[in-house]
Amino acid sequence: MRQIRAEIGAVAKADGSAVFEMGNTKVIAAVYGPREVQNRSQQMNDKALVRCEYSMANFSTGDRMRKPKGDRRSTEISLVIRQTMEACILTHLMPRSQIDIFVQVLQADGGTRSACINAATLALADAGIPLRDLVTSCSSGYLNSTPLLDLNYVEDSAGGPDVTVGFLPKLDKVTLLQMDSKLPIDIFENVMQLAIEGCKAVANYIREILLENTKQLEYRRGL
Amino acid sequence: MGLPDTSRDLSSEVEVDAFRRLFPLRFYERHLSESIRPDGRPLGRARDTTIALGAVASADGSGLAKIGSTTMLAAIKMEVMTPSMESPDEGCLAIDFHMPPICSPIVRPGRPAEAAPVVSKQLSDTISSSGMVDLKELSLVSGKAAWMVYLDIYCLDADGALFDAALLSAVAALSYLQIPAVSLNEDGRVVVVSEEDGGKPEKEPVNRENRKLTLKSIPFSLTCILHKNYILADPTAEEESIMETLVTVVLDSSSQLISLYKPGGPVLANTSAIQDSIALTRQRVRELQKILDEANSGMEVD
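Residues numbered from 1 in each chain as written. Chains lettered and ligands numbered in written order. Predicted model: local features only at pLDDT ≥ 70, side-chain atom pairs only at ≥ 80, totals over all residues. Heavy atoms only, no water.

Asks: Teacher, can you tell me more about the side chain of S62(B) here?
Replies: Residues and elements named next belong to chain B. Tracing the sequence through the fold places S62 in strand β2 (residues 61-67). A distance of 3.0 Å separates a polar side-chain atom of S62 from the backbone nitrogen of A55. Discounting residues that sit within four places of it in the chain, S62 has contacts with A52, L53, G54, A55, V56, A74, A75, A173 and Y176. (Helix = DSSP H or I, 4+ residues; strand = E, 2+ residues; numbered from the N terminus. Polar contact = N/O pair within 3.5 Å; in protein donor to acceptor, adjacent residues only side chain to side chain. Contact = heavy atoms within 4.5 Å.)

Shown next as structure tokens:
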């Protein structure tokens, strides 16, 4: 796995925010909520509305991107992140409200989807939104008959399969599983297990960061 | 470590917060009459400013500027293009300012911020009129190839003084810009020479000498709020929303006035107010110049 680094509270204006780096992939997530629903027609009386937007900065990839939002890949990833986070937020505790998760990719070097989910989890925890469990994510692939963990852009474009797993560490359940390209089933088991191990490692790191953050808050309040 | 007297402190704290929300103007005027602002700054002082260069490794040049909580990330990507017929010796600089929804609770995905195109236009006008970048330096082969510099500025946190922070991050990114080495291909096309393949005799780099831009007059700015007789330097978002009259002064490092911008507002400014704002800006320019020089020299050590 590449080196991971996370920081909580990067955006002062947001209710919760986090920066997450996996190797050269750098992602910033901000959470606003629970707040009043902006579009009354979408308000749900028994649970919170979760919205997510994924966008890439123009300079995040090798060649400058023309259309950072609204293209198919961004819309698909926004949907994936929303559904993943919706599964673990206790939405029934906050009816008639809205939780917005915004994710911005500053540097893209493979594994942006995973970095976004990890950053979103940290931002939600920073915002104090009740969660069923942390969602951690990691990707893995299979090149030259070796399962590889946490592919970067070069390895990803090599044409081998790319498996992204979203995992709830405490409940030991998989919430997100995406794969492209072809892979025989027995090898797939190995690759998926490798990704889950990666997720567990990320989960440990996230827990440490959150603990550190809580200690800082306690210290500042003089407890 | 005993617990603080929470009951009394909390109730007085709640009152202050409620007063701040319900009567924001009176809250601020109470502070202004004592020549201080709620965050403890005197009226003429700007917030703590920091610059970090090279924040985005994949870009040709980048800078992160923070003024208080306002955070701007500027990054530069360069592409080769054919110059236009009227100016075959000049490259082009395209500046774009984005306010993604992470920066502020009022920006929604469907509804972009009002401030974004305004700041974007202000920035491109200021940078082109200040003459900071000599477009002739961006030319590679006269009439055939020149650099197109895409400067994208992303607001990561919007807490007032957006133009100041954006200009500072743009200046920082331009001062850190490393122009990639290019060479002419066999078909006469310009191709980027990658650093790894060292000694290829056919591909002579066309521009090995100028890897960095020479920046002439560097513009620095300060936004001030005018309210009755007070001039507040470097407003936060809260101050901007309550007292709406803003004046932005842009000076260059030799204290020449590059631009003055006062987009209406309920308070009318007389000449002394403008002169006071310019004086405050002059002071600020010295501070910012020092911060930028420190950041640059810090990077040169590498």
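Asks: Explain the sheet that holds strand β7 (residues 146-149) of chain A here, please?
Replies: Across a sheet, paired strands are connected by hydrogen bonds in the backbone, their directions being either parallel or antiparallel. Residue and element names in this part refer to chain A. Taking strand neighbours across the sheet as the criterion, the four strands line up as β7-β6-β8-β9 in an open arrangement whose pairing is antiparallel. At either margin of the open sheet sits one strand with a lone partner, and together these are β7 and β9 (173-180). Neighbour-to-neighbour, the strand axes of this sheet turn through a mean angle of 20°, independent of strand direction. Pairing of strand β6 (residues 136-143) with strand β8 (residues 162-168) involves six bridges; the strand directions are antiparallel. Paired with S137 across the strands is G166, a residue of β8. Sheet strands touched by helix α1 (residues 72-88): β8 and β9. Its angle to β9, the strand with the most contacts, is close to 165°. Along the sheet, helix α2 (residues 112-126) makes contact with β6, β8 and β9, crossing β6 at roughly 165°. (Pairing = 2+ DSSP bridges. Axes fitted to C-alpha atoms, helices over the stretch in contact; angles between N-to-C directions.)

Asks: It is not clear to me how the pairing of β9(A) should be interpreted in this structure. Could you clarify?
Replies: The two faces of the sheet receive side chains in turn, since in a regular strand these alternate between them. Residues and elements named next belong to chain A. Where β8 lies against β9, seven bridges are found, and the strand directions are antiparallel. Paired with V163 across the bridge in β9 is M179. Counting the residues in the hairpin turn of β8 and β9 gives four residues, including D172, whose phi is positive at 60°.

Asks: In this structure, what is going on with the pattern of salt bridges? I would like to understand it.
Replies: Oppositely charged side chains are able to pair whenever their charged atoms sit close together. Residue and element names in this part refer to chain B. Counted according to the given criterion, the structure contains 20 salt bridges over all chains. A salt bridge links R47 to D159; its shortest N-O distance comes to 3.6 Å. Taken together, the positions of R47 in the loop between α2 (24-32) and β1 (49-53) and D159 in the loop between β6 (145-157) and α4 (162-176) put the pair 112 residues apart, joining distant regions of the chain. Accessibility expressed as a relative area gives 8% for R47, which makes it buried. Since its relative accessible area comes to 14%, D159 is described here as buried. The network of salt bridges with common partners includes D39, R41, R47, D159 and D234. (Salt bridge = Lys/Arg side-chain N within 4 Å of Asp/Glu carboxyl O. Buried < 20%, exposed > 50% of the residue type's maximum accessible area, 1.4 Å probe, protein only.)

Asks: Teacher, can you tell me more about the sheet that holds strand β4 (residues 49-56) of chain A here?
Replies: Residues and elements named next belong to chain A. Judged by pairing direction, the sheet is mixed, and its five strands sit side by side in the order β1-β2-β3-β5-β4 without closing on themselves. This sheet does not close on itself; its edge strands, each paired only once, are β1 (4-8) and β4. Looking at each pair of strands side by side, their axes are set apart by 15° on average, direction ignored. Taken together, the five bridges between β1 and strand β2 (residues 16-22) define a ladder with antiparallel strand orientation. Note on β2: the bridge partner recorded for A6 is F20. Contacts between α1 and the sheet are confined to β4 and β5 (97-107), with β4 contributing the most and set at about 145° to the helix. Each of β1, β2, β3 (25-36), β4 and β5 is contacted by α2, which is oriented at about 150° to β2, the strand it contacts most.

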